[in-house]
Amino acid sequence: ATAPYQNVATAAYTGTLMYEGGCLLFRDEENTIQFLPVWPYGTVFNGTFVTFHRPGKTEQRVVVGEEFQIEGQPVGWPTLSAPVYEPFQRQCGSPAFVVSRVRPAN
């Protein structure tokens, strides 16, 4: 799922991406939190890694299964009201999280 870039980050988690059941999910093992990242427009997932697009910055690669820190804000599915998000909510079932920044875990 992608959406316009939002600079606001109210939460940060360290964990890994996992691709299961056609859903690219993030899991923070320490806090046992799982959510569906909503990436900024221009971000690309190729099945092995995500090329994270942050406007005005160098693109970053995040490999599925590699630990990293993700920053952004949780959003309710009603906030993402466009019909394009309905399949993600239905298929993946996890809460949505709008991604603002990513960086290595260490």
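On a predicted model such as this, the values are computed, not experimentally measured, just so you know.

Chemist: An account of the overall build of the chain is requested, with residue identities and associated values reported.
Modeler: In terms of regular secondary structure, the chain is built from one helix and nine strands. Shown N-terminal to C-terminal, the secondary structure of the chain runs as helices and strands in the order β-β-β-β-β-β-β-β-α-β. The C-alpha atoms of the chain give a radius of gyration of 13 Å, which matches the 13 Å a tight globule of 106 residues would have. On the principal axes, the C-alpha backbone points of the chain span a range of 35 × 30 × 30 Å.

Chemist: How would you explain the sheet that holds strand β7 (residues 60–63) if you had to name every residue and give the values?
Modeler: Pairing is antiparallel in the open sheet, where three strands are placed in the order β5-β6-β7. The open sheet has two edge strands, β5 (44–45) and β7, and neither has a second partner. Strand direction decides the pairing type here: β5 and strand β6 (residues 49–52), joined by two bridges, are antiparallel. Paired with Phe45 across the strands is Val50, a residue of β6.

Chemist: Describe in detail the environment of Asn106, supporting the description with residues and values.
Modeler: Checked against the element boundaries, Asn106 lands in the segment after β9 (96–104). We classify Asn106 as exposed; its relative accessible area is 90%. Distance from Asn106 to Gln69, taken between C-alpha atoms, is 8.6 Å for residues 37 residues apart in sequence.

Chemist: Pulling in residues and values, what's your account of the pattern of salt bridges?
Modeler: In the structure shown here, the tally under the stated rule is three salt bridges. A salt bridge links Arg101 to Glu71; the shortest N-O distance between them is 3.1 Å. Taken together, the residues span a long stretch of sequence, with Arg101 in strand β9 and Glu71 in strand β8 (residues 68–75) at a distance of 30 residues. Arg103 is the salt-bridge partner of Glu71, the closest N and O atoms lying 3.7 Å from each other. In this pair, Glu71 sits in strand β8 while Arg103 sits in strand β9, placing the two residues 32 residues apart along the sequence. Since its relative accessible area comes to 18%, Glu71 is described here as buried. Beyond isolated ion pairs, a larger network of salt bridges with shared partners links Glu71, Arg101 and Arg103.

Chemist: I'd like to hear about the nonpolar core, residue by residue, with values.
Modeler: Among the nonpolar cores identified, the biggest contains 15 residues, and Leu17, Trp39, Ile70 and Val102 are the most heavily contacted of them. Those elements that provide at least two residues to this core are β2 (11–20), β3 (23–28), β4 (33–40), β6, β8 and β9. Cys23, Tyr85, Cys92 and Val98 belong to the second largest nonpolar core, which has 13 residues in total.

Chemist: Just give me the short version of the packing of aromatic side chains, but keep the residues and values in it.
Modeler: In this structure the tally under the stated criterion is seven aromatic pairs. A ring pair is formed by Tyr13 and Phe97, whose centres lie 5.9 Å apart and whose planes are at 65 degrees; its orientation type is edge-to-face. Placement of the pair is Tyr13 in strand β2 and Phe97 in strand β9, with a sequence separation of 84 residues. Of the two residues, Tyr13 and Phe97, both sit in the buried class. Seen from their ring centres, Phe26 and Phe35 are 5.0 Å apart, and the 25 degrees between their planes marks the pair as stacked. Given a relative accessible area of 0%, Phe26 falls into the buried group. A relative accessible area of 3% places Phe35 in the buried class. Here the aromatic residues Tyr13, Phe26, Phe35, Phe68 and Phe97 are joined through ring pairs into a cluster of three or more.

Rules behind the numbers
- Residues numbered from 1 in each chain as written.
- Predicted model: local features only at pLDDT ≥ 70, side-chain atom pairs only at ≥ 80, totals over all residues.
- Heavy atoms only, no water.
- Helix = DSSP H or I, 4+ residues; strand = E, 2+ residues; numbered from the N terminus.
- Rg over C-alpha atoms; globule rule 2.2 N^0.38 Å.
- Pairing = 2+ DSSP bridges.
- Buried < 20%, exposed > 50% of the residue type's maximum accessible area, 1.4 Å probe, protein only.
- Salt bridge = Lys/Arg side-chain N within 4 Å of Asp/Glu carboxyl O.
- Core = buried A, V, L, I, M, F, W, Y, C linked by side-chain atoms within 4.5 Å.
- Phe/Tyr/Trp six-rings, centres within 6.5 Å; stacked < 30°, edge-to-face > 60°.

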